[in-house]
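Chain by chain, the residues run as shown.
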Amino acid sequence: MTDFKEVSTSHHDPSEKGRKTTFKAKQVIWLLLGFLEAVLALRFIFKLIGVNPSNSFASILYGFTNLFVAPFANLTGTPSAEGMVFEFTTLIAMLVYALVFYGIERLVYVIFYRQHSAVTVRQTTVTDHAPEEIQTTTQVNKTTTTDQSDTHPTNLD
């Protein structure tokens, strides 16, 4: 006698797509914050070590980051010595933008996140039992299907 058993299981969670979308949106927010923090940190270091502002890379960096540092420009003084500048305003901008992006990320989570809902599990089992001499012409099939929602099984035969 030859035995054959095949089990197929599928899961369905209707709220999974919403959770994945929320997760991706949060990743984009953190990616943008990471990029902004990196260029602001580079600006801070360049100013601190006195990089030549007429250098093309430095001038592009300063021009781009001026847009983000401008709201904090006259907030504090900027101590300098021999071309080196300690920009407190850049550090304050980095802190404020980190807090703003954190608030946006939490807002996206609160508005769009979907809790886990009832998960439907469907399991199908196909069992074949046939003697070897009959196997080429006739097969006996038994199919068992089980639907399960939130661990409450329902058998369908």
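Re the packing of helix H1 (residues 16–49) against helix H2 (residues 56–69)
Here is step 1 of the chain: Packing of H1 against H2 leaves a shortest axis separation of 10 Å and a crossing angle of 120 degrees. When the axis of H1 is compared with that of H2, the two are oblique. For the crossing formed where H1 meets H2, the hand is left-handed. Two secondary-structure elements touch here, H1 through Phe35, Leu36, Val39, Leu40, Leu42, Arg43, Phe46 and Lys47 and H2 through Phe57, Ala58, Leu61, Tyr62, Phe64, Thr65, Asn66, Phe68 and Val69.

What to know about H2
An α-helix turns once every 3.6 residues. As a result, residues three or four positions apart point the same way.
Here is step 1 of the chain: In a regular helix each residue adds 1.5 Å, so 14 residues correspond to 20 Å; H2 covers 19 Å between its end C-alpha atoms and thus fits that length.
Here is step 2 of the chain: Those residues of H2 not exposed but buried are Ala58, Leu61, Tyr62, Thr65 and Val69.
Here is step 3 of the chain: Of the residues flanking the start of H2, the one acting as N-cap is Asn55, its side-chain oxygen 2.8 Å from the backbone nitrogen of Phe57.

Some points on H1
Here is step 1 of the chain: If you check H1, its first and last C-alpha atoms are 49 Å apart, about what 34 residues at 1.5 Å a residue would give, namely 50 Å.
Here is step 2 of the chain: Along H1, the residues that are buried comprise Arg19, Thr22, Lys26, Ile29, Leu33, Leu36, Glu37, Val39, Leu40, Arg43, Phe44 and Phe46.
Here is step 3 of the chain: Buried residues belonging to H1 abut H2 and helix H3 (88–112).

Side note on the nonpolar core
Here is step 1 of the chain: In terms of nonpolar packing, the biggest core is built from 16 residues, with Leu36, Leu40, Phe46, Tyr97 and Phe101 touching the most fellow members.
Here is step 2 of the chain: Going through the elements one at a time, H1, H2 and H3 are the ones with two or more residues in this core.
Here is step 3 of the chain: For this core, the leading source of residues is H1, giving 6 residues.
Here is step 4 of the chain: Phe46 has contacts with Val51, Phe57, Ala58, Leu61 and Tyr62, leaving out every residue within four places of it along the chain.

As for the environment of Phe23
Here is step 1 of the chain: Looking at the secondary structure, you find Phe23 in helix H1.
Here is step 2 of the chain: For Phe23, a relative accessible area of 48% corresponds to the partly exposed category.
Here is step 3 of the chain: In the structure, Phe23 is positioned 89 residues away from Phe112 in sequence and 9.7 Å away in space, judged by C-alpha atoms.

Considering the packing of aromatic side chains
Here is step 1 of the chain: Under the defined criterion, the tally for this structure stands at 8 aromatic pairs.
Here is step 2 of the chain: Ring centres of Trp30 and Tyr102 lie 6.4 Å apart, and the angle between their planes is 45 degrees; on these two criteria the pair is classed as tilted. On the criterion of sequence distance, the pair formed by Trp30 in helix H1 and Tyr102 in helix H3 is long-range, its members being 72 residues apart.
Here is step 3 of the chain: A relative accessible area of 44% means that Tyr102 is categorised as partly exposed.
Here is step 4 of the chain: With a centroid separation of 5.9 Å and an interplanar angle of 70 degrees, the aromatic rings of Phe46 and Phe57 are classed as edge-to-face. You can see Phe46 sitting in helix H1 and its partner Phe57 sitting in helix H2, a full 11 residues away along the chain.
Here is step 5 of the chain: Judged by relative accessible area, which is 14%, Phe46 ranks as buried.
Here is step 6 of the chain: Through successive ring pairs, a cluster of aromatic residues spans Phe35, Phe64, Phe68, Phe72 and Tyr97.
Here is step 7 of the chain: The positively charged end of Lys47 is found above the aromatic ring belonging to Tyr62, 4.6 Å away from the centroid.
Here is step 8 of the chain: Arg106 extends its terminal NZ or CZ atom over the ring of Tyr109, reaching a point 4.6 Å from the ring centre.

Conventions we followed
- Residues numbered from 1 in each chain as written.
- Predicted model: local features only at pLDDT ≥ 70, side-chain atom pairs only at ≥ 80, totals over all residues.
- Heavy atoms only, no water.
- Axes fitted to C-alpha atoms, helices over the stretch in contact; angles between N-to-C directions.
- Helix = DSSP H or I, 4+ residues; strand = E, 2+ residues; numbered from the N terminus.
- Parallel < 35°, antiparallel > 145°, perpendicular 65-115°, else oblique.
- Left-handed = near helix turned anticlockwise from the far one by under 90°.
- Contact = heavy atoms within 4.5 Å.
- Expected span 1.5 Å × (residues − 1).
- Buried < 20%, exposed > 50% of the residue type's maximum accessible area, 1.4 Å probe, protein only.
- Polar contact = N/O pair within 3.5 Å; in protein donor to acceptor, adjacent residues only side chain to side chain.
- Core = buried A, V, L, I, M, F, W, Y, C linked by side-chain atoms within 4.5 Å.
- Phe/Tyr/Trp six-rings, centres within 6.5 Å; stacked < 30°, edge-to-face > 60°.
- Lys NZ or Arg CZ within 6 Å of the ring centre and 35° of its normal.

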